Amino acid sequence: MIFADSLAIPRLPAPSSPAPAERRLALRLTLAGLLVSVLTAFLTGNTYDLGDSINHYLFSRYAPAHPDNFFDSWAKPVFVLLTVLPSQAGFIGIKLFNCVVAALAAWQAYRVAAGLRLRWPWLAVLFVYCTPDYFRIQFSGLTEPLFSLLLVSGAALTVRNRATAAAIVLSFLPFVRSEGFLILAVWAVYLVLTRQWRVLPWLPFGYVVYSVAGAVVYRDLGWVFHRNAYETISHYGAGRWGHFVQQLPGILGWVLLGLFWLGMLAGVLNWLTARDAARPPAYRWAERLLVYGSVVTYLGAHTVFWALGLFASFGMTRVMDAVVPLMTVIALQGLALLTSLAPEPRRAAVAYVLAAAVLVFPLTGARTGFRWRTDFSRPAEQQLIEDVAAQLQPRTAGRLLLWDHPYWSVGLGIDPFDSTRHQLLDTWRENKPVPAGTLLLWDNWFSPTEARVSYGQLRQDARLRLVREDSVQRDARKPEKGYTRLAVFERR
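About the criteria used
- Residues numbered from 1 in each chain as written.
- Predicted model: local features only at pLDDT ≥ 70, side-chain atom pairs only at ≥ 80, totals over all residues.
- Heavy atoms only, no water.
- Salt bridge = Lys/Arg side-chain N within 4 Å of Asp/Glu carboxyl O.
- Helix = DSSP H or I, 4+ residues; strand = E, 2+ residues; numbered from the N terminus.
- Buried < 20%, exposed > 50% of the residue type's maximum accessible area, 1.4 Å probe, protein only.
- Lys, Arg positive; Asp, Glu negative; His and termini not counted.
- Polar contact = N/O pair within 3.5 Å; in protein donor to acceptor, adjacent residues only side chain to side chain.
- Core = buried A, V, L, I, M, F, W, Y, C linked by side-chain atoms within 4.5 Å.
- Domains from an automatic or database assignment.
- Contact = heavy atoms within 4.5 Å.
- Expected span 1.5 Å × (residues − 1).
- Buried area = accessible area lost by both parts, 1.4 Å probe.
- Phe/Tyr/Trp six-rings, centres within 6.5 Å; stacked < 30°, edge-to-face > 60°.
- Lys NZ or Arg CZ within 6 Å of the ring centre and 35° of its normal.
- Disulfide = S-S within 2.5 Å.

Going by an unreviewed UniProt entry, the protein chain carries the name Glycosyltransferase RgtA/B/C/D-like domain-containing protein and comes from Hymenobacter jeollabukensis.

Set out below in structure tokens:
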């Protein structure tokens, strides 16, 4: 307590009302963005990816028949709970859910910026919607958008002096994505330094709720950790230390990325100099710890996990979408730093020109913007599985099927959690008995990577008969991306 008091920073004052004109503009931008997203959701045949995006959808879609799904540590309990109803409408349901989530996250980014008294806070909404990868990820079954909403909502509540409500919201973050435990540590530091002792006990609220609820199912109060889906040493290997930083252009696009890095520079300058002295110290500290602190902690953690090969990290840069709303708040500081170089009367005009550049960049066809054919059309791999599944369907009745590619479940319309109908190819690799007539659906990505079963192993196995093989070029314009290959085997 004595140590914390010696490092104490000012608490935020009572929140002020945002300017009505800015609030209306932010609301209109949010509604416009939501409308565009919903229309795109119905028009696009893409699912962002055919792996985790589909698996998360399947966990939610079949949760009513398999209640354990509500407590699966990989599927994320809060995500399953909130998406179980939308997913009953099919994949379009979970896409629309994420569209609404993204709209709410954009609105909350505005509330954070306005609460911290940043200039042009309504531009945070535009920046969120103009982040290329964040826009794309709305049309998936992934957890990053929901995590981003809870995180930015926690920040918005905190800067408006609703720290208890923020702590309760944030306490459920680990059950949307596991990095939530790290974010809770950031908030704990802020609450200690602002001496908000009565709020601190609310940070583990979500953990307590889910520990007790899961204990009823698993008879284990410590199930959150005992049933952790992530191996400490990842079988995916490791990568470069600079991987996530180097891949940020693909997340933000070059214009917004430039403003983000300028915002990081502005954060340092604001700390070391008096250039931001017009804002009260309480706002500056909240921004440093909650906005900058969360982004740096999240980016730093994934950098370490991938470089050291920890916690099943695969170096997937889409994980950074989880902090995009807070990154756009930092980009607003970059915008303010850049416009400060212009005379005061021209600063607003410069800001609007830069905002227009952020808006236009994803539409230019640049490699880090929207790639219309690959981002919003049905991938060749997806179409191939649907075609093969339609031809296989008559002979699947009453049979056990082994597969690892998640999209087979969608194409065949089979509950992947019904062990009498579907098991993973691990079953074959481990020589577990399967009945004659069992179909093995091999593909050249998930089968070797997840099940560690090669085509050669199955082809040379005398117990199997090759039924059919199919392949398709992943991108006809880029032959270097190779082919998706499928093979169907039957147990003799």
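Read on, since the account is not over.
**Q** In this structure, what is going on with the pattern of salt bridges? I would like to understand it.
**A** Between side chains of opposite charge, a pair can form when the charged atoms approach closely. A complete count under the given rule lists 22 salt bridges for this structure. Residue E144 pairs with R318 through a salt bridge whose shortest N-O separation is 2.7 Å. Of the two residues, E144 sits in helix α8 (residues 144-159) while R318 sits in the loop between α16 (281-308) and α17 (324-339), which places them 174 residues apart along the sequence. Looking at E144, the relative accessible area reads 0%, which means it is buried.

**Q** Explanation requested: the side chain of D443 in the structure shown.
**A** With respect to the helices and strands, D443 occurs in strand β3 (residues 439-443). This buried residue, D443, is left without a salt bridge; R474 holds the nearest opposite charge, at 6.8 Å. Among the polar contacts made by the side chain of D443, one reaches the main-chain amide nitrogen of F446 at a distance of 2.7 Å.

**Q** How do you make sense of the nonpolar core when you look at a structure like this?
**A** Most often, soluble globular proteins keep nonpolar side chains buried together rather than apart. With 124 residues, the main nonpolar core has F127 and W408 as its most contacted residues. Of the residues forming this core, the biggest block, 15 residues, is contributed by helix α5 (residues 91-115). Formed jointly, this core draws a minimum of three residues from each of two domains, domain 1 (20-375) and domain 2 (378-491). Among all residues touching F127, those that are not within four sequence positions of it are L256, L259, T328, A331, L332, L335, A355 and V358. By size, the runner-up hydrophobic cluster in this structure holds 14 residues, among which are L425, W428, V453 and A487.

**Q** How do you make sense of helix α15 (residues 254-272) when you look at a structure like this?
**A** Residues lying three or four places apart along an α-helix face the same way, a consequence of the helix completing one turn every 3.6 residues. Relative to the 27 Å expected for 19 residues at 1.5 Å per residue, α15 spans 27 Å between its end C-alpha atoms, a close match to the ideal helical length. Those residues of α15 not exposed but buried are L256, L257, L259, F260, G263, M264, A266, G267 and N270. Where α15 is buried, its residues contact α6 (123-129), α14 (248-252), α16, α17 and α18 (344-360).

**Q** Would you take a moment to explain the domain arrangement of the protein chain for this structure?
**A** Size of an interface, as often reported, equals the accessible area lost when the parts are brought together. Segmenting the protein chain into domains produces domain 1 (20-375) and domain 2 (378-491). Contacts between the two partners involve 18 residues from domain 1, matched on the other side by 23 residues from domain 2. Of the roughly 1600 Å² buried between domain 1 and domain 2 on both sides combined, carbon and sulfur atoms contribute 65%. On the domain 1 side of the contact with domain 2, L50, Y62 and R373 bury the most area, a combined 33% of that side's loss. Linking domain 1 to domain 2 there are zero salt bridges.

**Q** How do you make sense of the packing of aromatic side chains when you look at a structure like this?
**A** Working definition: an aromatic ring pair is given by the centre-to-centre distance plus the angle between the planes. As enumerated under the stated definition, the model contains 29 aromatic pairs in all. Pairing F71 with Y218 gives two aromatic rings, centres 6.5 Å apart and planes at 80°, and the pair type is edge-to-face. Of this pair, F71 sits in the loop between α3 (52-61) and α4 (77-83) while Y218 is found in helix α11 (residues 205-218), placing the two residues 147 residues apart along the sequence. Taking relative accessible area as the criterion, F71 reaches 14% and is therefore assigned buried. Judged by relative accessible area, Y218 falls into the buried class, the value being 16%. Between F135 and F139, the aromatic rings sit 5.4 Å apart at their centres with planes inclined by 75°, giving edge-to-face as the arrangement. Its relative accessible area of 8% is what places F135 among the buried residues. You can call F139 buried: its relative accessible area is 3%. By the ring-pair criterion, three or more aromatic residues cluster together here, those being F71, F172, F175, W202, F205, Y210, Y218 and W223. Sitting above the plane of the Y218 ring, R227 keeps its charged end 3.8 Å from the centroid. Its end group placed over the ring of W285, R288 keeps NZ or CZ at 4.9 Å from the ring centre.

**Q** Where do I start with the state of the cysteines in this structure?
**A** Chemically, a disulfide is nothing more than a covalent bond linking the sulfur atoms of two cysteines. One pass over the full model with this rule turns up zero disulfides. In this structure C99 is a free cysteine whose sulfur lies 15 Å from that of C130, the closest cysteine sulfur available. Residue C130 is classed as buried on the basis of its relative accessible area, which comes to 7%.

**Q** It is not clear to me how unusual backbone geometry should be interpreted in this structure. Could you clarify?
**A** Even without being a glycine, Y48 presents a positive backbone phi close to 75°. Along the polypeptide, Y48 turns up in the loop between α2 (20-43) and α3. With a phi close to 80°, K76 is a non-glycine residue in the positive phi region. With respect to the helices and strands, K76 occurs in the loop between α3 and α4. By relative accessible area, which is 4% here, K76 ends up buried.

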